[in-house]
Amino acid sequence: MTTTTPGPSALRGAVGTARTRIEGREKVTGAARYAGEIPFADLAHGWLVLSTVTRGRILDVETDPVLAMPGVLTVLHHGNAPRLHTDYVGMLGTPPDPTCAVFQNDRVPFAGWPVALVVAETPEEAREAAEALVVTYDSEPHDTALHAEHPGAYAAAGHMPAETEKGDLEAQLAASAFVVDAEYTTPEEQHSMMEPHAATARWEGGRLEVVDSNQGAGWVQGELATMFSLDASSVRVRSEHIGGGFGSKGLRAHQVSAVMAATALQRPVRVVLTRRQTFSLGGYRSPTTQRVRLGAAPDGRLLALEHRSLNQTSTVYEFVEPSAGVARVLYDADAHRTANHVVRLDVPSPTWMRAPGEAPGSFAIEAALDELAERGGIDPIELRLRNEPDVGPVSGLPFAGNNLAACFREGARRFGWADRDPRPGVRREGRWLLGTGTAAASFGAGAAPSTALVTAEADGSFTVRITAADIGTGARTALTLIAADALETAPEQVRVRIGDSDFGPAMIAGGSMGTRSWAWAVTAAAAELRERLAMTTSIPPEGITVRSDTTEALGALARKERHSFGAQFAEVAVDTATGEIRVRRMLGVFAAGRIVNPLTARNQLVGGMTWGISMALHEEAVRDRNTGGHYAPDLAGYHVATHADTPAIEVDWVDDHDPDDPVGIKGVGEIGIVGAAAAVANAVWHATGVRHRDLPIRPDRVLSATVPEPAGGAVDA
């Protein structure tokens, strides 16, 4: 019998070693092709036409002049488009956003709603015709303004209970030695990934094929099959390379409209969203208004905690930004109340965005904890450690490891926290006021059932097939290392193929659950394949394929609170004469389970923390209340942090082991952004003595704030 001899890297163990991305050279040389670049013979191009009114009905679509324009093949709209099946619950446990089910009726629920698709021989012809298409509307009054006292607000569950409550909140607040009662707001944020949304649909031998940029090929396959009343086996979705997703790249209008057009024309059709169209059709993080009330005993122990969050959603689809959820994990109190509410407005539907709920929620709760520490005269880190729960504050379940304290202790040591003067506004360096801040972070460590195929090849190598998605995280490389260790071979002997719905059902790239879910499936298949190979007499042992399914294993996992944790630290410099804020340094220390590839893990954490800087100081999509549309919906008008705004960011992690979990991976895609904006905002308070409760902390907000005189006079840093 012939077996594969482990190479030197396998003998060391591939997992835990820093590896450059397997597809890195292809990407930097342009050999890796993205969804909008893959050639197809006889390709036609679609261009979406979006509504120019905020609310109303379509009265007429004047197609005849457009159909007479050069190259135009068809115009799809609510009067001639195929009817879709939308009365179902999708993979994520929710019905599809009707924005995806395009051209089904004459209603316009928000500005930027898809009203037609013009298809032509070239993108230029399609765009020119789309811009010439005349659509007449009957406009209606609209409401696009989110505010805390909106009468239409109601409790909404989303993927967690809408409200939780224990204890007598008012009594505990009355008994508290010091109290915080404050409102915090975060603005609308856009995903702003580098690669636009793009999809090409074609029929080949009676089978629908979609080449797309998405976060889950199996997810999109299932949704399209159901919408178009097709058998799932007759639909194939491929998505090999993705230039960023952040929650936006699920099922969207461009995929559905491309399938409609390909069906009507019986030729391949590609639809690519422009950056401006993405602002309306790609989803976004809803703005939030959050009220936090905290009450503590003289020693800082929380007696009362209330975190209430309100976000907007569209009138056609309910999406909850569960910002109050983070308080259900990080802190306990004798009286504990949380609530997530939404209000339906005439705006596009929000969607998942990196650390949904935790990112805006951590800003509010961590800023409030900082205010409480100030009022109680307690060090901000010490206050957090005194209120670390023994079990889940709401669930009552034990933690499968909670190493937040270790993150804070290691972070404080490395950041030099012990040398910090707690008084605000006392450090100065020339025109700059200096300050430091900190915040806690947590994000759930979940897993979903997945399947994987592992094949022993004739040359002694192995091929892994799984419907995973690499949205820039380095998932291909991580799965290669995991498979190599499970097969007891070298990574060079493993080929990982992903992004194809034909490989079977698997978790999407989202919720920091992708690598954990896929690793479980790959490990299980590899283990069974090794057993099969040990029993075979085939020389070489080729052609043996094993398929795994982790549904049963996940169901047997002990019920516990499973989360990544982290401690964020920031130092800022503030010029109160110009309003300029500079983040000078950041440190994040995380407890994120088993780190598969330190190189790409560090990249993910740094990326999340960079986004936290952007969230704290820059990002804000602003809507015109008169039209419901955005001001400057592009990357010139929507500011994101650039190299000049980003300091040297340092990240590290502590040991974090769950003895019940055979995989041990918790995910690092989202924990990096959680608490990062709060740490920056808390540092701005420490620098100036002014508390900013509304993000982003723009220069005009700094200038309009009153900076108190420092106690005892400012001192040089």
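Look a little higher up for the structure.
Since the structure is predicted, the reported quantities are computational estimates derived from the model, not experimental observations.

Enquirer: Summarise the packing of helix α10 (residues 358–376) against helix α17 (residues 676–688); cite the residues concerned and give the values.
Expert: The relative placement of two packed helices comes down to the angle between their axes together with the axis-to-axis distance. Where α10 contacts α17, the axes come no closer than 9 Å and their chain directions differ by 35°. At the point where α10 passes α17, the crossing takes the right-handed sense. Seen from α10, the contacting residues are Ser 362, Phe 363, Glu 366, Ala 367, Asp 370 and Glu 374; seen from α17, they are Ala 678, Ala 681, Asn 682 and Trp 685.

Enquirer: Just give me the short version of the sheet that holds strand β2 (residues 56–62), but keep the residues and values in it.
Expert: Read from one edge to the other, the open sheet built from three strands follows the order β4-β2-β6, with strand pairing classed as antiparallel. Of all strands in the sheet, those bounded by a partner on one side alone are β4 (107–108) and β6 (134–139). Of the pairings in the sheet, the one linking β2 to β6 comprises six bridges and is antiparallel in character. Directly across from Asp 60, in β6, lies its bridge partner Thr 136.

Enquirer: With reference to specific residues and values, describe the environment of Pro 39.
Expert: Considering the arrangement of structural elements, one finds Pro 39 in the loop between α2 (24–29) and β1 (44–50). With 161 residues separating them in the primary sequence, Pro 39 and Thr 200 have C-alpha atoms 9.8 Å apart.

Enquirer: Just give me the short version of empty space enclosed by the protein, but keep the residues and values in it.
Expert: The full count for this structure, using the stated rule, is three cavities of 30 Å³ or more. A volume near 260 Å³ is recorded for the largest cavity. Forming the walls of the largest cavity are 21 residues, and the residues nearest its centre are Thr 94, Asp 97, Trp 219, Leu 251 and Tyr 317. Residues belonging to the lining of the largest cavity are distributed by class as follows: 11 nonpolar, seven polar and three charged.

Enquirer: Pulling in residues and values, what's your account of α17?
Expert: Look at α17: 19 Å from first C-alpha to last across 13 residues, which is about the 18 Å you get at 1.5 Å a residue. Most of α17 is tucked away: 13 of the 13 residues are buried. Remark: Gly 689 follows α17 within two positions and exhibits a positive phi of approximately 80°.

Enquirer: Let's hear about the packing of aromatic side chains: which residues, and what values?
Expert: Applying the stated criterion to the full structure yields nine aromatic pairs. Note on Phe 110 and Trp 113: the rings are 5.4 Å apart at their centroids and 80° apart in plane angle, and the pair reads as edge-to-face. When sorted by exposure, Phe 110 lands in the same class as Trp 113, which is buried. The interplanar angle of 80° and the centroid separation of 6.2 Å between the aromatic rings of Phe 408 and Phe 569 together place this pair among those described as edge-to-face. Taken together, the residues Phe 408 in helix α12 (residues 404–415) and Phe 569 in strand β23 (residues 563–575) connect sequence positions 161 residues apart. Comparing Phe 408 with Phe 569, the two get one shared label, buried. Site record: aromatic cluster; members linked through ring pairs are Phe 408, Phe 415, Trp 417 and Phe 569. Positioned above the aromatic ring of Phe 415 is the side chain of Arg 585, whose terminal nitrogen or guanidinium carbon lies 3.8 Å from the ring centre. Positioned over the ring face of Tyr 284 is Arg 623, at 5.5 Å from the centre of the ring.

Enquirer: Kindly report on the pattern of salt bridges, identifying the contributing residues and their values.
Expert: Any two side chains of opposite charge can pair, given that their charged atoms come close. Per the counting criterion, the structure on display carries 54 salt bridges. Residue Asp 634 is joined to Arg 276 by a salt bridge in which the shortest nitrogen-to-oxygen separation is 3.2 Å. In this pair, Asp 634 is assigned in the loop between α16 (598–617) and β25 (649–653) and Arg 276 in helix α8 (residues 275–281), connecting sequence segments 358 residues apart. With relative accessibility at 19%, the residue Asp 634 sits in the buried group. Linking Asp 370 and Arg 691 is a salt bridge whose minimum nitrogen-to-oxygen distance equals 3.3 Å. Of this pair, Asp 370 sits in helix α10 while Arg 691 sits in the loop between α17 and α18 (699–704), and the two are 321 residues apart along the sequence.

Enquirer: Please give an account of the sheet that holds β1 that cites residues and values.
Expert: Each strand in a sheet pairs with its neighbour through backbone hydrogen bonds, running either in the same direction (parallel) or in the opposite one (antiparallel). Ordered by their spatial adjacency, seven strands build an open sheet running β3-β5-β1-β13-β10-β11-β12, and the pairing between neighbours is mixed. In the strand order of this sheet, the two ends are held by β3 (72–77) and β12 (235–238), each with one partner. Ignoring strand direction, the axes of neighbouring strands in this sheet form an average angle of 20°. In this structure, strand β10 (residues 198–204) lies alongside strand β11 (residues 207–212), joined through six bridges in antiparallel fashion. Among the inter-strand pairings, Ala 199 is bridged to a residue of β11, identified as Asp 212. The strands that helix α6 (residues 217–227) touches are β11 and β12; relative to β12, the one it contacts most, it runs at about 145°.

Enquirer: Would you mind going over the environment of Ala 458 in detail, with residue names and values included?
Expert: Relative to the helices and strands, Ala 458 resides in the loop between β19 (451–456) and β20 (462–465). On a C-alpha basis, the gap between Ala 458 and Gly 543 in space is 7.0 Å, while along the polypeptide they are 85 residues apart.

Enquirer: Talk me through the packing of helix α13 (residues 475–487) against helix α14 (residues 514–535); I want residue IDs and the actual numbers.
Expert: Axis separation between α13 and α14 bottoms out at 9 Å; the angle between their running directions is 30°. One element, α13, and the other, α14, form an angle in the roughly parallel class. Here α13 and α14 pass one another in a crossing that is right-handed. For the pair α13 and α14, contact is made by Ala 475, Ala 478, Leu 479, Ile 482, Ala 483, Ala 486 and Leu 487 and by Thr 515, Trp 518, Ala 519, Val 522, Thr 523, Ala 526, Leu 529 and Arg 530, respectively.

Reading guide: rules and limits
- Residues numbered from 1 in each chain as written.
- Predicted model: local features only at pLDDT ≥ 70, side-chain atom pairs only at ≥ 80, totals over all residues.
- Heavy atoms only, no water.
- Axes fitted to C-alpha atoms, helices over the stretch in contact; angles between N-to-C directions.
- Helix = DSSP H or I, 4+ residues; strand = E, 2+ residues; numbered from the N terminus.
- Left-handed = near helix turned anticlockwise from the far one by under 90°.
- Contact = heavy atoms within 4.5 Å.
- Pairing = 2+ DSSP bridges.
- 1 Å grid on protein atoms, 1.4 Å probe; cavity = no way out; pocket = protein on both sides within 12 Å on 5 of 7 lines; lining within 4 Å.
- Points joined across faces, edges and corners; volume = space filled by probe spheres on them.
- Nonpolar A, V, L, I, M, F, W, Y, C, P; charged D, E, K, R; others polar.
- Expected span 1.5 Å × (residues − 1).
- Buried < 20%, exposed > 50% of the residue type's maximum accessible area, 1.4 Å probe, protein only.
- Phe/Tyr/Trp six-rings, centres within 6.5 Å; stacked < 30°, edge-to-face > 60°.
- Lys NZ or Arg CZ within 6 Å of the ring centre and 35° of its normal.
- Salt bridge = Lys/Arg side-chain N within 4 Å of Asp/Glu carboxyl O.
- Parallel < 35°, antiparallel > 145°, perpendicular 65-115°, else oblique.

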